[in-house]
Each structure stands twice: as C-alpha cells, then as structure tokens.
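Next come the chains, spelled out residue by residue.
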Amino acid sequence: MSDHVLLEAVNLSKEFPLSRGKRVHAVSDVSLKVYEGETLGIVGESGCGKSTLGRLLIRLLSPTGGRLWFRGEEVTSFSDQAFSKYRRQLQLIFQDPYASLDPRMTARDIIAEPLNAYHVCPTKKATTERVLELMEAVGVPGEFLYRYPHQFSGGQRQRIGIARAIAIDPALIVCDEPVSALDVSVQNQILNLLRDLQKERGMAYLFISHDLSVVRHISDRVAVMFLGTICEIGPAKDIFEAPQHPYTRFLLDAIPQPDPRRRDEEVPLLKGEIPSPVNLPEGCLFHTRCPYATEKCRRERPVLRSEAGREVACHYRVGATLPQKNSAPEHV
Amino acid sequence: MEKNMLEIRHLSASFFTQKGEVKAVNDVCIEVPKGKIVGIVGESGCGKSMTVRACMGLLKYPGRVVGGEAWLDGKEILSLPEKEKCAIRGDEIAMVFQDPMTSLNPVVRVGKQVTEALRLHRNMPAAEARREAVAMFEAVGIPEAKKRLSSYPHQLSGGLRQRVMIAMAMICHPKVLIADEPTTALDVTVEAQILRLMKKLCSDGTSVLIISHNLGVIAQLCDYVYVMYAGRIVEQADTFTLFEEPLHPYTRGLLSSVSSLRRGGDKLDTIPGVVPNLLHLPAGCSFSLRCERCEEKCRECLPDLMDVGDGHKVRCHFAGRGEKA
Ligand SMILES: Nc1ncnc2c1ncn2[C@@H]1O[C@H](COP(=O)(O)OP(=O)(O)O)[C@@H](O)[C@H]1O
Ligand SMILES: Nc1ncnc2c1ncn2[C@@H]1O[C@H](COP(=O)(O)OP(=O)(O)O)[C@@H](O)[C@H]1O
Ligand SMILES: [Mg+2]
Ligand SMILES: [Mg+2]
C-alpha cells in the first residue's frame, strides 16, 4: 500500500429511473479514494449499492452526479475513446464465474481475450504460452487449457476469471463478491490466491462483499455502506475493533458466531428492514432503524466527518460508546 | 432421554441419470428428539437437501428413495401411500425452504396460503382460520398482521416472506419442523432476527431439523449436529463436542477454515482439492482423496460410523484411537 492515490471519487451518485418519474437512489454522494496497491473493502447488506459503486468507479456505469479522477486526471466527462488509455488498468471479477465466462469458449480463449484485445503477444503461440503462465499463477493445471467452463469446479472457474483479470497487469481489480458462491474451504483457497497475487504484482483491489469476516481478512481499509451512502470508512482493524457508526456495530453483532459458548449472549437486534432506495428517509438515512436516533437525526443528514484517520457519518458517533460483543477478541 | 419425534433410519436416495446412479444420500441415520434443534452441516452438494426431501417424499424424478425408513412420532411415513403422505405434510411435519419465492404462490394472497393448511387438515371454518393466521403472524413477528394477510408475496421484503413461510409451516403446530437453509438468502441483520425466532419456536416445544452450510448458524442454534460429506454422515455429536473436540479430519478442516478466517493472519487454512463426484465415489473413505492422513486402508475400505462415547460418532479409521491431528 502506498500514499499514491489511484482513484478518487467526489460526491459520486447514480440514480436509475423507474416508471412514473420515480428513481432508485442506488449510490448517493459517495466520496472516497483508492490508493495504489491497497485493498479497500466495501461491505453492506444487499441492495445498498456496492456493485453499482464498483462499476461507477471503473466507469462501466456513468454517474448521474459527482466527479472521478484517475491518477490525478479528471475523467468524469471523458468519452469512451478518451478513457480507453485507462480501460486496461481496470478489471472486474464477478461473484458467479459461471455467468461471466462464455460457455462456448475454452479456458485458453477466455484468458487470451484481453491479451488479444490489447495485442500483448506477437503470435498465437506466444499467447498460449502466456495463458499457461497465467494458469500456473492461479493454480489451474495447464492440461486443462482446452476445457470449457462447465468442466471446471466453482473454485477453478473463479481462478480462471482471476487469470483473465490479471492477464494485462491492471492497476485495480474490482472483485464483486468473488467468493460468495463458494464453500468455505474453497473460498479460503481463493482468498489466499488473491492475496499472493497482490503481493507479487502490486495491484489494488476494491473488494466487495456482504460477508464481514471475509472483508475483514482481506482489506487494508473498509467502507461500510447503507442505502447508497458510506456510513463509515477507515482502517479495517479500527472499523472492526471499534466501530463508531451504530449501523456498523449492529452489523458486526448480528454475525452468528461459530462458537456455541457464545450463543447465550443476547445482543440488541436491529428492528425492521432497510428502507426503500426509491423513497429515501429525511435526515440520516439510518434513523428509521437506529434506536439512538434523536430529533436532529430525523431532520439533518450527517456527512462523513474525519477524525483520527476515520470518517464517520453520524451526528454522535454512537457506536463508540456502546458495549462491545463480536468486535473485540479475535484478530490481533 | 427425550423420545425421538423424527427418526431417519439408513436412508439412501439416488438420482438415476443417463451417466449412472448418483448416490446423493447414502445410508443416513438421523434422530431428532422432542423439543430439540438438530442440525445438518456440510458443503454444497453433499446431500443435505436430498436427505430431507427424501424423508418428506418430495424427491423429484429421476431421484428415488432406494432404501431406509423415516419414523415420525412412532409411525413409518416413507411406506405410506401418497394420499396419506399428503395428509401428514404441512400438518404433522412441515418444511421451510431457503427461497420463499419458490414455495409461495405468487398470485395468491399470503393470508389465503397460510389458512389453506388449516382448512385442508383441520376443516376449519374461514373466519376461525383467519383468526389463527393473524395470531401466527403475530407470533412470528410480522407487523400489522391483519393487514399483511391480504398482501401478495412480491409485496413483502425477503425477511417478511421468510416469516410468512415459517408461519405457514407452523400454523398446524407440526411435531417436526424441517428448515433447509432458512436464512441463507437473507442479510445478516435479518438473519439474526429469524434465528432468534427459530430459537423461540423450539422453546415452545417444536422439534426442529435445520440444514445449514454456515457453522455460525449451527453453533448458535443446534443441540446436536450431523456433518455430511459426499452423501454420508461422517461425524455426529452434541454441538459443544463437535466444535470443541471434532475428530473427523473433514470436520476439523471445516472448523479450521472458519476459525482461521476469523483469526486473521497471512495464510488461511483450506481443505485441498474438491468434493468427489457422486457418480464415481472412491471405494474406501469418500474423504480419502483430500485427507492428509490418508493411508492404504482408507483408500480401500469404507470406515464404519464408530461410536466413541456419549453419542459422538465418527466415520474415520483413526477416530477410535483418540488421536488428534
Ligand atoms: N440497472 C438498474 N436499474 C434499476 N435499479 C438498479 C439497477 N442496478 C441496481 N439497481 C438498484 O440499485 C440499488 C443498489 O443495487 P446494487 O448496487 O446491485 O446493490 P448491492 O450490490 O449492494 O447488492 C438496488 O436497490 C438495486 O435494485
Ligand atoms: N436432478 C438431479 N440429477 C442428478 N443429480 C442430482 C439432481 N439433483 C441433485 N443431484 C445431486 O444430488 C447431490 C446432493 O444434492 P443436495 O442434497 O441438493 O445438496 P446440498 O443440499 O447438500 O447442497 C448433488 O451433489 C447433486 O449432484
Ligand atoms: Mg452486488
Ligand atoms: Mg441444499
């Protein structure tokens, strides 16, 4: 991880139009930086805007508001043509490699696709050799070169998706729930692989997941999202050991712990469910579920405020004052 | 000892495909004592869902039960004619699925779907069934219960739909509730609410068989746990023993995968390799291909499910020696 900013977003927003003039506020006013070589984790419950944010940041979606910089150059209003010099620096891997890999293509052709698109190798033979190197790097045996996606296990398919993403040495890979469809033992294999590749090659990850344990393990910094906004962002250790936004605290406490000795701990549960992103609540977006909400929270929307390396969008930083449950012991 | 409300005995079920027989459930025995929560845990494809589907008589072609029995409160149910099975399902034994949308009818109001079981099994008049449904909606924590009866499934959030499913399953006060990954599709804050609800149901006397791949859910909820691998039970024990003194290398691998993720550090523990193909199971122990301790005899002969004391059983040649890897 370095101090060099790879990517910066300021007040990035994305609204999707619905019928009758209604709009889904998928991402609202998100400001963040991604540094070269770091892993920034994005957590939050389904529908909170993680995937949309990931796609906005690498310009697979265009924002309806806000600005975006890439290595110091503002690219917000770049045409696709103008942006193409950055395109190959930004890759994406998906939750379900099965849906993202063309079923009629062999592993070789899938991995060779970006190599061909950017004319990386002079000959077909050189391309195949490069593909074999990449397969070795992600732990898929070279003899599977001409197999089709359905002939691989879920974990192997994810490895092939990763090989394709690293083929042209990107600066950033957006990993959108890359292990959510995998069993825990296989999930760990992929997490180890992603970490090793980052050490060798130094690219940054934007690692999106709804699984807090996974995000905690892989991330240097973490952003917690709720209803299209960031409620808290900071170093992973701080976020998990001492959450300051009440939502982060509830999210952590809700994780069922794989330890039967901790089953009688009664934790306060969040009531109700996430409000609709079509009709956003007034004031703080979290106030309808927050047991600590005051009149001020119902009226005034808090913005991310920075304090000691951590940015929190809560008028009171209530999380910091609550007794801890799941956040304390592990991970030293 | 509490008596068993559900007893699955040597159940085997297979899919007869063009490529051959897929042995999805292989000689599985499971007991659910009265008022207890029993869990089945294992990775995807290991046969958890097929075990309970077989036992409910819900296997679809080309799947078929090839042997075994299922006793519900002292009555064998697999050999019953289809009509009698129908009479029992939803009444004495009920099921909740991972995705409520696949089991709720999208074009029928949820109130009607919930009261249907009462009208069918109890012959209850409409007004009375409606009162029962409102009470059950309230019991499972559905706000504005009366109003909700007239909602269609798509008008409800995922968490509310799962509560409707549970209300539907509980409406006839079944002796046994089977829940197949009831929280897997839900967000973690909603999952926590549903887990608390399941605990409450059980403290009211319902016997529950819950399937999950999530060891956290199992640890929080279950009294007793069965670990499945490639269609077979490989270990079973009370929850504390299973988490604290696991004996099967597969159980240990699963637990250390989870705990290394929580502990942090550079390298996460993994189980090498992948689950074997159920079409071509190895002759010996099904875990032998991935097991660090694998020896000659593991490849050649299938270990028995051996009792090592206090209801702890393990299917491993090395288990009886009290060794720890
Ligand atoms: N193409 C689209 N059209 C309309 N709404 C969308 C579209 N993509 C996403 N949304 C909505 O935007 C919100 C955020 O979605 P998403 O970014 O996929 O969330 P997450 O990845 O956190 O689950 C959701 O309410 C979703 O329904
Ligand atoms: N229609 C089918 N045809 C052939 N095999 C099937 C069919 N349905 C399920 N299976 C097999 O049954 C096995 C067990 O499936 P299942 O009980 O659903 O696993 P789990 O619930 O543990 O994830 C799977 O490995 C799958 O290969
Ligand atoms: Mg998403
Ligand atoms: Mg299943």
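Since this is a predicted model, take the numbers as computed values, not measurements.

**Brief notes about the overall build of chain A**
- A count of helical and extended segments in chain A gives 11 helices and 12 strands.
- Scaling as 2.2 N^0.38, a compact globule of 332 residues should have a C-alpha radius of gyration of about 20 Å, and chain A matches this with 21 Å.
- In terms of principal-axis extent, the alpha carbons of chain A reach across some 70 × 50 × 40 Å.
- In chain A, of all internal contacts separated by at least 6 residues, the share reaching a separation of at least 24 is 65%.
- Surface accessibility of chain A: about 14400 Å² in total, with carbon and sulfur atoms responsible for 49%.
- Side chains of chain A carry 42 positive and 41 negative charges; the gap between the two charge centres is 3 Å.

**Re empty space enclosed by the protein**
- A complete count under the given rule lists 10 cavities of 30 Å³ or more for this structure.
- Taken as a whole, the largest cavity holds about 220 Å³ of empty space.
- Elements supplying a minimum of two residues to the lining of the largest cavity: helix H10 (246–254) of chain A together with helix H8 (188–203) and helix H9 (215–221) of chain B.
- Ranked by residue count, the leading element in the lining of the largest cavity is H8(B), at four residues.
- Across the lining of the largest cavity, the residue classes break down as eight nonpolar, two polar and seven charged.

**Focus: the site of ligand 1**
Residue and element names in this part refer to chain A.
- With respect to spatial proximity, the complete set of residues near ligand 1 consists of Phe16, Val24, Ala26, Glu45, Ser46, Gly47, Cys48, Gly49, Lys50, Ser51, Thr52 and Pro277.
- Bound to the protein, ligand 1 loses 62% of the 570 Å² it would expose on its own.
- Of all the secondary structure elements, the ones that give two or more residues to the shell around ligand 1 are strand S2 (23–35) and helix H1 (50–57).
- It is H1 that contributes the most residues to the shell around ligand 1, three residues altogether.
- Residues of the shell around ligand 1, tallied by class, amount to five nonpolar, five polar and two charged.

**Section: the state of the cysteines**
Residues and elements named next belong to chain B.
- One pass over the structure, following the stated rule, counts zero disulfides over all chains.
- The thiol of cysteine 46 is not disulfide-bonded; the next cysteine sulfur, from cysteine 222, is found 14 Å away.
- In this structure cysteine 46 comes out as buried when scored by relative accessible area, which is 3%.
- Cysteine cysteine 202 remains unbridged, with the sulfur of cysteine 222 as its closest cysteine sulfur at 9.4 Å.

**Some points on the site of ligand 2**
All names here are of chain B.
- Around ligand 2, the structure places Phe15, Thr17, Ala24, Glu43, Ser44, Gly45, Cys46, Gly47, Lys48, Ser49, Met50 and Leu278.
- At 2.9 Å from an oxygen atom of ligand 2 is found a main-chain nitrogen or oxygen belonging to lysine 48.
- One of the side-chain nitrogen or oxygen atoms of serine 49 is found 2.8 Å away from an oxygen atom of ligand 2.
- Coverage of ligand 2 by the protein amounts to 67% of the 570 Å² it exposes when considered alone.
- Put simply, the parts of the chain that give the shell around ligand 2 at least two residues each are strand S1 (4–17) and helix H1 (48–56).
- Counting residues per element, the shell around ligand 2 draws most heavily on H1, which supplies three residues.

**Section: the packing of helix H5 (residues 124–137) of chain A against helix H7 (residues 184–201) of chain A**
All names here are of chain A.
- As a packed pair, H5 and H7 sit with axes 11 Å apart at the nearest point and diverge in direction by 125°. Taken together, H5 and H7 sit at an angle that is classed as oblique. Of the residues in H7, those in contact with Arg130, Leu134 and Ala137 of H5 are Leu193, Leu197 and Arg201.
- Taken together, the residues of the contact of H5 with H7 break down into four nonpolar, no polar and two charged.

**A few points about the pattern of salt bridges**
- With the rule as written, the count across this model stands at 34 salt bridges over all chains.
- Between A:Glu45 and A:Arg289 there is a salt bridge, and its shortest N-O distance comes to 3.6 Å. Note that A:Glu45 is positioned in the loop between strand S3 (39–43) and H1 and A:Arg289 in the loop between H10 and helix H11 (295–299), a separation of 244 residues in sequence.
- Judged by relative accessible area, which is 2%, A:Glu45 ranks as buried.
- With relative accessibility at 5%, the residue A:Arg289 sits in the buried group.
- Across the pair B:Arg299 and B:Glu296 runs a salt bridge whose closest N-O atoms are separated by 3.8 Å. Linking B:Arg299 with B:Glu296, this pair stays in helix H12 (residues 296–300), spanning three residues, or about one helical turn.

**Focus on the confidence of the model for chain B**
- Per-residue confidence for chain B averages 92 on the pLDDT scale, and 98% of its residues sit at or above 70.
- At the level of chain-chain contacts, confidence expressed as ipTM amounts to 0.88, with global pTM at 0.92.

**A short note on the environment of A:Thr52**
All names here are of chain A.
- Relative to the elements of secondary structure, threonine 52 occurs in helix H1.
- Look at threonine 52 and you get buried, because its relative accessible area is 14%.
- Placed 11 residues apart in sequence, threonine 52 and proline 63 show a C-alpha to C-alpha distance of 9.6 Å.
- Look past the residues within four positions of threonine 52 in its chain and what remains in contact with it is Lys14, Phe16, Ala26, Val27 and Leu61.

**Structural notes on unusual backbone geometry**
- Following B:Tyr61, the chain continues into B:Pro62 via a peptide bond in cis, with omega recorded as 5°.
- The phi dihedral of A:Ala308 is positive, around 50°, even though this residue is not glycine.
- With respect to the helices and strands, the residue A:Ala308 is situated in the loop between strand S11 (305–307) and strand S12 (310–312).

**Comments concerning the environment of B:Gly141**
- Tracing the chain through its elements places B:Gly141 in the loop between helix H5 (126–139) and helix H6 (145–148).
- Note: C-alpha distance between B:Gly141 and B:Val164 (23 residues apart in sequence) is 9.6 Å.

**With respect to the pairing of strand S9 (residues 224–229) of chain B**
All names here are of chain B.
- With six of six residues buried, S9 is to be regarded as a mostly interior element.
- Alternating residues of S9 divide into Tyr224, Tyr226 and Met228 and Val225, Val227 and Tyr229, and every residue in both groups is buried.
- The pairing of strand S3 (residues 37–41) with S9 spans four bridges and is classified as parallel. Residue pairing across strands places glycine 39 opposite valine 225, the latter belonging to S9.
- Both S9 and strand S10 (residues 232–238) contribute to a ladder of six bridges, which runs antiparallel. By the bridge assignment, valine 225 is partnered in S10 with alanine 237.

**Thoughts on the pairing of strand S7 (residues 172–176) of chain A**
Residue and element names in this part refer to chain A.
- Burial of S7 is extensive: five of the five residues sit out of reach of the surface.
- Covered by surrounding structure in S7 are Leu172, Val174 and Asp176 together with Ile173 and Cys175, the residues of both alternating faces.
- Looking at chain direction, S7 and strand S8 (residues 204–208) are connected through five bridges and run parallel. The partner of valine 174 across the bridge, within S8, is leucine 206.

Rules and cut-offs
Residues numbered from 1 in each chain as written. Chains lettered and ligands numbered in written order. Predicted model: local features only at pLDDT ≥ 70, side-chain atom pairs only at ≥ 80, totals over all residues. Heavy atoms only, no water. Helix = DSSP H or I, 4+ residues; strand = E, 2+ residues; numbered from the N terminus. Rg over C-alpha atoms; globule rule 2.2 N^0.38 Å. Contact = heavy atoms within 4.5 Å. Areas by Shrake-Rupley, 256 points an atom, 1.4 Å probe, with all protein chains shown as cover. Lys, Arg positive; Asp, Glu negative; His and termini not counted. Charge placed at Lys NZ, Arg CZ, Asp CG, Glu CD. 1 Å grid on protein atoms, 1.4 Å probe; cavity = no way out; pocket = protein on both sides within 12 Å on 5 of 7 lines; lining within 4 Å. Points joined across faces, edges and corners; volume = space filled by probe spheres on them. Nonpolar A, V, L, I, M, F, W, Y, C, P; charged D, E, K, R; others polar. Near = heavy atom within 4 Å. Disulfide = S-S within 2.5 Å. Buried < 20%, exposed > 50% of the residue type's maximum accessible area, 1.4 Å probe, protein only. Polar contact = N/O pair within 3.5 Å; in protein donor to acceptor, adjacent residues only side chain to side chain. Axes fitted to C-alpha atoms, helices over the stretch in contact; angles between N-to-C directions. Parallel < 35°, antiparallel > 145°, perpendicular 65-115°, else oblique. Salt bridge = Lys/Arg side-chain N within 4 Å of Asp/Glu carboxyl O. pLDDT = per-residue confidence, 0-100. Pairing = 2+ DSSP bridges.

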